[in-house]
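What follows is the residue order along each chain.
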Amino acid sequence: RIHVRNIPITAFDEDLYEAFKHFKSLAKVKVIRDSSGRSRQYGFISFLDVNDYIEAMKTMDGTLIQKRRIKLMPSKWKSKSIKDIE
C-alpha cells in the first residue's frame, strides 16, 4: 500500500482512481474523510503487483490532482488477518 499525502480537500476516491488507473494491478483507492465528509487530505492506494507499486512510487510522486502535488510514501500498514480483528 502507498500512503498518499496532500490530496485536495475536494478530492474523492474517484479522483485518486483516475490518477492511478493505468496501473494494471490497482486494487483499491481510498481518500480518508472526517465525520463531516471532508477529505483529511490523505489516502491510500493498494496494488496486487509489487512491480506496479514500485513504478507508481517512482513515477507518480509529485504529480497533480486538482492542481495539488501529491506526496507518496510507503504505508506503515501491517497486514492483518481476520484473527486480528476478532
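About the thresholds
- Residues numbered from 1 in each chain as written.
- Predicted model: local features only at pLDDT ≥ 70, side-chain atom pairs only at ≥ 80, totals over all residues.
- Heavy atoms only, no water.
- Helix = DSSP H or I, 4+ residues; strand = E, 2+ residues; numbered from the N terminus.
- Buried < 20%, exposed > 50% of the residue type's maximum accessible area, 1.4 Å probe, protein only.
- Contact = heavy atoms within 4.5 Å.
- Polar contact = N/O pair within 3.5 Å; in protein donor to acceptor, adjacent residues only side chain to side chain.
- Pairing = 2+ DSSP bridges.
- Axes fitted to C-alpha atoms, helices over the stretch in contact; angles between N-to-C directions.
- Salt bridge = Lys/Arg side-chain N within 4 Å of Asp/Glu carboxyl O.

Notes on the environment of Ser39
Position of Ser39 among the secondary structure elements: in strand S3 (residues 39–47). Classification of Ser39 by relative accessible area gives buried; the value is 5%. In the structure, Ser39 is positioned 30 residues away from Ile9 in sequence and 4.7 Å away in space, judged by C-alpha atoms. In this view, Ser39 contacts Ile7, Pro8, Ile9, Ala11, Val31, Ile32 and Arg33; residues no more than four positions away in its chain are not counted. In terms of polar contacts, Ser39 uses its side chain to reach the backbone carbonyl oxygen of Pro8, at 3.4 Å.

A short note on the sheet that holds strand S6 (residues 71–74)
The strand order S2-S3-S1-S6 describes an open sheet built from four strands, whose pairing is antiparallel. A strand with exactly one partner marks an edge of an open sheet, and here the two such strands are strand S2 (26–33) and S6. For this sheet, the mean inter-axis angle between neighbouring strands, taken without regard to orientation, is 25 degrees. Against the sheet, helix H1 (residues 13–20) engages strand S1 (2–5), S2, S3 and S6, with an angle of about 145 degrees to S2. Contacts from helix H2 (residues 50–60) reach S1, S3 and S6 within the one sheet, and its direction differs from that of S6 by about 145 degrees.

Considerations on the pattern of salt bridges
Enumeration according to the criterion identifies two salt bridges in this entry. A salt bridge links Lys21 to Glu18; its shortest N-O distance comes to 2.8 Å. Relative accessible area serves as the criterion here: at 43%, Lys21 is assigned to the partly exposed category. Taking the shortest distance from any N to any O, the salt bridge between Asp61 and Lys71 comes out at 3.5 Å.

Topic: the pairing of S3
The pairing of S1 with S3 spans four bridges and is antiparallel. Across the sheet, the residue bridging to Val4 is Gly43, located in S3. As paired strands, S2 and S3 are joined by six bridges and run antiparallel to one another. Directly across from Lys30, in S3, lies its bridge partner Phe44. Where S2 hands over to S3, the hairpin turn is made up of five residues, of which Gly37 adopts a positive phi near 95 degrees.

Fair warning: the whole summary comes from geometry, so function is off the table for now.
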